[in-house]
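# A closer look at the structure
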Amino acid sequence: YEPSVSSKGKAAAAPTAAPAAGGSKSSSSSSSRNIPASTLGLIVDLLCFCVQHHAFWAKYHVLRKNVVEKVLRLLKRKERWLVVAGVRFLRTCIGTNDDFYMRHLTKNNLLDPVMNVFLDNGDTYNLLNSAVLELVDFIRRENIKSLIEYLVEKFGSRFDEVTYVDTFKQLQLKWEQSKEAAAAAAGEEAADAAAAAGGRIYGGKRRLRRDDRELDED
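As a starting point, this report considers the structure included with it.

Each value, and the rule that gives it
Residues numbered from 1 in each chain as written. Predicted model: local features only at pLDDT ≥ 70, side-chain atom pairs only at ≥ 80, totals over all residues. Heavy atoms only, no water. Helix = DSSP H or I, 4+ residues; strand = E, 2+ residues; numbered from the N terminus. Buried < 20%, exposed > 50% of the residue type's maximum accessible area, 1.4 Å probe, protein only. Contact = heavy atoms within 4.5 Å. Areas by Shrake-Rupley, 256 points an atom, 1.4 Å probe, with all protein chains shown as cover. Core = buried A, V, L, I, M, F, W, Y, C linked by side-chain atoms within 4.5 Å. Phe/Tyr/Trp six-rings, centres within 6.5 Å; stacked < 30°, edge-to-face > 60°. Lys NZ or Arg CZ within 6 Å of the ring centre and 35° of its normal. Axes fitted to C-alpha atoms, helices over the stretch in contact; angles between N-to-C directions. Parallel < 35°, antiparallel > 145°, perpendicular 65-115°, else oblique. Nonpolar A, V, L, I, M, F, W, Y, C, P; charged D, E, K, R; others polar. Disulfide = S-S within 2.5 Å.

### Some details on the overall build of the chain
Regarding its fold elements, the chain presents 11 helices and 0 strands. In the chain, the order of α-helices and β-strands from amino to carboxyl end is α-α-α-α-α-α-α-α-α-α-α. Among the 218 residues that make up the chain, the fraction classed as buried is 39%. If you take every contact in the chain between residues at least 6 apart in sequence, the share linking residues at least 24 apart comes to 69%. Of the roughly 12600 Å² that the chain leaves accessible, carbon and sulfur atoms contribute 53%.

### Re the nonpolar core
Formed by 56 residues in total, the largest nonpolar core has its most connected members in Val68, Phe89, Leu90, Ile94 and Met115. When neighbours within four sequence positions are excluded, isoleucine 94 is seen to be in contact with Met102, Leu105, Leu111, Leu135, Phe138, Ile139, Ile144 and Leu147.

### Quick look at the packing of aromatic side chains
Applying the stated criterion to the full structure yields 5 aromatic pairs. Residues phenylalanine 118 and phenylalanine 168 carry aromatic rings whose centres are separated by 5.5 Å and whose planes lie at 50° to one another, so their mutual orientation is tilted. Of this pair, phenylalanine 118 sits in helix α8 (residues 112-121) while phenylalanine 168 is found in helix α11 (residues 167-217), placing the two residues 50 residues apart along the sequence. Relative accessible area serves as the criterion here: at 1%, phenylalanine 118 is assigned to the buried category. Exposure remark for phenylalanine 168: the relative accessible area of 1% places this residue in the buried category. Considering the side-chain rings of phenylalanine 159 and phenylalanine 168, the 4.3 Å spacing of their centres and the 25° angle between planes classify their relative orientation as stacked. Members of the aromatic cluster, joined through ring pairs, are Phe118, Phe155, Phe159 and Phe168. Note that arginine 103 overlies the ring of phenylalanine 100, its terminal NZ or CZ placed 5.0 Å from the centroid. Against the face of tryptophan 175 rests lysine 179, its NZ or CZ located 3.9 Å from the ring centre.

### Quick look at the packing of helix α6 (residues 80-95) against helix α7 (residues 99-107)
One way to put it is that α6 packs onto α7 with a least axis distance of 8 Å and a crossing angle of 130°. Our classification of the angle between α6 and α7 gives oblique. Contacts between α6 and α7 involve Leu90, Cys93 and Ile94 on the former and, on the latter, Tyr101, Met102 and Leu105. Split by residue class, the contact of α6 with α7 holds 6 nonpolar, no polar and no charged.

### Section: the state of the cysteines
Going through the model one piece at a time under the given rule, you end up with 0 disulfides. Of all cysteine sulfurs in the structure, the one in cysteine 48 sits closest to cysteine 93, which takes part in no disulfide; the separation is 7.3 Å.

Any functional reading would require information that these geometric values do not contain.
Structural data, given as C-alpha cells:
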C-alpha cells in the first residue's frame, strides 16, 4: 500500500472496533443498546469494507482487538437484520481465505455462536437461515480444510438433525474425502520411501558383486 492508502485503512479499522463491540464483555450489552441499530449496521458495513479493501491494516486490528468476537455479540440482538449483519462480517473474514483469520476463528471458537444461533433457529426459512447455509456452503466449495474439520468434529452430530437441506451432508462428505485423500497421500509417500530405500540397498549389493568378479579375474 501507499502511505495514504495504508493510513486510511488503519484509520478506518481502528475506530470502528469499539462501537461495534460495545467495549468489554461486562459492558457490551448496555453499551451496544445505547447505540442505534442503524449505526451498528453501518459500522459492520464499514468493517466489511475494511477487511475487503484494506486487508493488511484490517487484519492487524481485527485479530489484535478481537473484533470478530465483538461483532458476533450482535447475534444476541433482537433485530434479526443485525444478527444477519454479524454473520455477514464473519463471512467476509472467511472470504479472504487468509490462514490468519482461519486460525483465529478455530482457536477462539468463533464459529460456535453462529452455528448455535442457526441451530436454535430450527427449520424456519429466513435471512439468518440463508446466510448461514451460504457461509457453510462457501467453506465446502473453497475446501477450507481447517474450518471443515472444525465444524464436522464439533457439530457433526447436530448436523444430522438438519434434514431439509443437504448442505451439511455435503460438508461431511467433503471432510471424509479429505481424510481419505490425506491417508492415500501418506500411503504413497511411505511406499515411495520404502522403494527408494530398497533401491539403495539393491544397488549396493550389485556393486559388491561386481567388485567380487573383478577380484576373481585378477
